[in-house]
Structures are given as structure tokens and as C-alpha cells.
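# Tertiary structure, described
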Amino acid sequence: MSKKDTCEIYCYDEEKVNRIQGELQKEDISSVVLLFKALADENRAKIVYSLCQDEELCVCDIANIIGASVATTSHHLRTLYKQGIVKYRKEGKLAFYSLDDDHIKQLIMIALVHDKHDKEVKVRV
């Protein structure tokens, strides 16, 4: 690590640190970590993106979209379900998945916009 990206002396704003630590204690950051861990897998991110494009997809559709087996896709969907990212409904022998709420779609879309912006900035520099 270069000296340019670290403090060269140790000092901190006690009031600011205490205020933010207090706010941090009020939040359930560990659940946010679990949410992002679930989304950190490329296949699961593809699944969530696919569900951003269509309100509801069956497991077989999702498997074909991401190029994985139904078993692998089901495993990923269970992980996303356990984290509250997707929900499902059964219709006969088919299982249809959708995003649990619009916040997940917002997260994915914001991340994609951020990525495009970051790439554009790097091209200009």
C-alpha cells in the first residue's frame, strides 16, 4: 500500500466516530452482508438480473437463461429464497420465481449503472 492512500499520522474526530458507531449499532449490517454474499455469485446475479427483466420465470426458464442444470439453478434459487431476495409459487408441477420486492431490482440496476459509469470514467482518464 502506498503512502498516498493512507494517513501519515494517527488522529480521529471523536465526536464523528462516536456518532457513526452509535448509528452503526442500530443497523443490522450482518443481514446486509448476507444479502450481498448471496448476490456475489455470478449465476445468482444472473438469476436476479433475469428476474428484473421479467416479473416471473419458472425454474426451467431460468436454468436455460443462465446455462445451468435445473438442479444447479434450484440450488441457487434456494439460496436467494433463504436471503429473502426471491419468492416462489407453485402451479401444478412448475415452480415460478419472482423478486421478493422492488428493492432488489433497484440494487441490481444501480450496480449496473455504477459499473458503466466507472468504465466510462476510466476510459476518459
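A brief look at the structure comes next. Fair warning: this is a prediction, and the values are worked out from it, not measured in the lab. Residue numbers run consecutively from 1 along every chain, following the written order of its sequence. This being a predicted model, a pLDDT of at least 70 is required before a residue's local features are given, and a value of 80 or more before pairs of side-chain atoms are given or counted; all residues contribute to the totals for chains, interfaces and linings. Here the side-chain values reflect all heavy atoms present in the structure, with hydrogen atoms and water set aside.

Under the 1.5 Å per step criterion, the end-to-end length of helix α1 (residues 14–26) is 19 Å for 13 residues, consistent within 8% with the ideal 18 Å. For the purposes of these results, a polar contact is taken to be a pair of N or O atoms within 3.5 Å, where, inside protein, one atom must be able to donate a hydrogen and its partner to accept one; residues adjacent in sequence count only when each atom of the pair is a side-chain atom. Starting at the N terminus, helices and strands are each numbered in turn, a helix being any DSSP run of H or I of at least four residues and a strand any DSSP run of E of at least two. The backbone nitrogen of Glu15 has a side-chain oxygen 3.3 Å away, supplied by the residue at the start of α1, namely Asp13. Expected span of a helix, by definition, is 1.5 Å for each gap between consecutive residues, and there is one gap fewer than residues.

Moving on, we get to the pattern of salt bridges. Pairs can form between side chains of opposite charge once their charged atoms are near each other. Salt bridges are counted wherever a side-chain nitrogen of Lys or Arg sits within 4 Å of a carboxyl oxygen of Asp or Glu. A complete count under the given rule lists 4 salt bridges for this structure. The closest approach of N and O atoms between Glu42 and Lys46, which form a salt bridge, is 3.7 Å. Here the residue Glu42 and the residue Lys46 both occupy positions in helix α3 (residues 42–53), the gap between them amounting to 4 residues, near one helical turn. Buried means the residue's accessible area, taken with a 1.4 Å probe over protein chains only, is under 20% of the maximum for its type, while exposed means over 50%, and partly exposed covers the values in between. Given the relative accessible area of 36%, Lys46 is considered partly exposed. A salt bridge links Glu91 to Arg89, with the shortest nitrogen-to-oxygen separation between them at 2.7 Å. Assessed through its relative accessible area of 34%, Arg89 is described here as partly exposed. One salt-bridge network, held together by shared partners, links Glu56, Arg89 and Glu91.

Throughout, the protein atoms alone are placed on a 1 Å grid, and a set of points is a cavity if a 1.4 Å probe fits but cannot get out or a pocket if it is open with protein on both sides within 12 Å along at least five of seven lines; lining residues have an atom within 4 Å of a point. Grid points are joined across faces, edges and corners, and a volume is the space filled by probe spheres set on the points. In this structure, the largest pocket occupies an estimated 150 Å³ of space. Considering the residues around the largest pocket, the lining is formed by Phe36, Leu39, Ala45, Tyr49, Leu107, Ile108, Ala111 and Leu112. When contributions to the lining of the largest pocket are tallied by element, the ones reaching two or more residues are α2 (29–39), α3 and α6 (102–124). When residues of the lining of the largest pocket are assigned to their parent elements, the largest contribution, 4 residues, is made by α6. Residues are grouped as follows: nonpolar covers Ala, Val, Leu, Ile, Met, Phe, Trp, Tyr, Cys and Pro; charged covers Asp, Glu, Lys and Arg; every other residue, Gly included, is treated as polar. Per-class residue counts for the lining of the largest pocket are 8 nonpolar, no polar and no charged.

A word on the packing of α3 against helix α4 (residues 59–66). The contact between α3 and α4 brings their axes to 10 Å, and the two run at 120°. Classified by the interaxial angle, the pair formed by α3 and α4 is oblique. The two elements α3 and α4 cross, and the hand of that crossing is right-handed. Each of Asn43, Lys46, Ile47, Ser50 and Leu51 in α3 lies in contact with α4, whose residues at this interface are Ile62, Ile65 and Ile66. Helix axes are fitted to C-alpha atoms over the stretch in contact, other axes to C-alpha atoms as well, and angles between N-to-C directions run from 0 to 180 degrees. The scheme is simple: roughly parallel for angles under 35 degrees, roughly antiparallel for over 145, roughly perpendicular for 65 to 115, oblique for anything else. For a crossing to be left-handed, the near helix must be turned anticlockwise from the far one by less than a right angle; the clockwise case is right-handed. Residues count as neighbours in contact if any of their non-hydrogen atoms are within 4.5 Å of one another.

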